[in-house]
Structure formats: C-alpha cells, structure tokens
Amino acid sequence: MLTLVFTLIAALYGLFMLLFRVSLPGQMAAIEQLRQDSQNVEANQSHEVISQITKWNQTIAAYKKYRTIWWLKPIFPKDWDYVELIKIPHAR
C-alpha cells in the first residue's frame, strides 16, 4: 500500500514537471509579446494592459519564489530565474 502511495506521488510530481516544461515556451512568448505591446499603449487602453502586466508579474514573482523551495525547484524550469518583471508603461 505504501509503495502505491509513493508511486502515485512520484507520478504526479513527474506530471507537474512535464506540464510546466511544456507550457514554458508559450508563456515566455506571451510575456515578450506583452512587453512589446506595452510600449505603444494609449490612455484608453492603459487599464487593460496594466491589469495584464500585473497578472503576469504576479505569476513571474510566484514562479521565482517557487524556485527557492527545494522540493518545488525541479518542477519549475530554471528559465524563470532569468525572467524580468514587465515594466508598467506610462500612458500616452
């Protein structure tokens, strides 16, 4: 019974590792696109863009924090250590 529990935990751990690594390129592309789009923000769009930037910055900060916890570190790819927070633009 205990072996089954450990096997299940290891399988779930591996599944989470795979999911985070597979989704990484898409997340990085979304972050870079938002960085580019934020350079050309007009005043009537600024609230929506700032909201998106805030959500991504929270995600980036959380993933960076998870990378400091020893048992979560293998799940989150090390690429998150190098991702910078997105700067909040000034509306034009």
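Above this note sits the structure.
Residues numbered from 1 in each chain as written. Predicted model: local features only at pLDDT ≥ 70, side-chain atom pairs only at ≥ 80, totals over all residues. Heavy atoms only, no water.

**So, the overall build of the chain**
Note the threshold: The numbering of helices and of strands both runs from the N terminus, where a helix is a DSSP run of H or I of at least 4 residues and a strand a run of E of at least 2. It is over C-alpha atoms that the radius of gyration is taken, and the globule rule equals 2.2 Å times the number of residues to the power 0.38. Using a 1.4 Å probe on the protein chains alone, a residue whose accessible area is under 20% of its type maximum counts as buried, one over 50% counts as exposed, and one in between counts as partly exposed.
Counting its regular elements, the chain contains two helices and zero strands. By the compact-globule yardstick of 12 Å for 92 residues, the chain is too spread out, its C-alpha radius of gyration being 17 Å. By its C-alpha atoms, the chain is 65 × 20 × 20 Å across when sized along the principal axes. Expressed as a percentage of the 92 residues in the chain, the buried residues total 25%.

**As for the packing of aromatic side chains**
Our working definition: Working definition: rings of Phe, Tyr and Trp (its six-membered ring) pair if their centres are within 6.5 Å, and the pair is stacked with planes under 30 degrees apart, edge-to-face with planes over 60 apart, and tilted otherwise.
A complete count under the given rule lists six aromatic pairs for this structure. On the basis of an interplanar angle of 35° and a centroid distance of 6.2 Å, the ring pair of Tyr63 and Tyr66 is categorised as tilted. One end of the pair is Tyr63 and the other is Tyr66, both in helix α2 (residues 46-66) and three residues apart, which spans about a single turn. Tyr63 sits in the buried class, given a relative accessible area of 13%. Grouped by ring-pair contacts, the aromatic residues Phe20, Tyr63, Tyr66, Phe76 and Trp80 constitute a single cluster.

**Concerning the nonpolar core**
Spelled out, the test is: What makes a nonpolar core is a set of buried Ala, Val, Leu, Ile, Met, Phe, Trp, Tyr and Cys residues whose side-chain atoms join them at distances within 4.5 Å.
Core analysis: the biggest nonpolar cluster contains 15 residues, and Ile31, Phe76 and Trp80 have the highest contact counts within it. When residues of this core are traced back to their parent elements, those giving at least two are α1 (2-37) and α2.

**Some details on the packing of α1 against α2**
Quick note on the threshold: Axis definition: a line fitted to C-alpha atoms, over the contacting stretch in the case of helices. Angles run 0 to 180 degrees between N-to-C directions. An angle below 35 degrees is read as roughly parallel, one above 145 as roughly antiparallel, one from 65 to 115 as roughly perpendicular, and any other as oblique. By convention the crossing between two helices is left-handed if the near helix lies anticlockwise of the far one by an angle smaller than a right angle, and right-handed if it lies clockwise. What makes two residues a contact is simply this: any of their non-hydrogen atoms within 4.5 Å. Only Asp, Glu, Lys and Arg are considered charged in this grouping, and only Ala, Val, Leu, Ile, Met, Phe, Trp, Tyr, Cys and Pro are considered nonpolar; every other residue, Gly among them, is considered polar.
Contact pair α1 / α2: the axes reach a minimum separation of 11 Å and the direction vectors enclose 140°. In terms of orientation, α1 and α2 fall into the oblique class. As for the relative orientation of α1 and α2, their crossing is left-handed in sense. Residues Phe20, Gln27, Ala30, Ile31 and Leu34 of α1 touch α2, and the partners they reach there are Val49, Gln52, Ile53, Trp56, Ile60 and Tyr63. Looking at the contact of α1 with α2 residue by residue, the class counts come to nine nonpolar, two polar and no charged.

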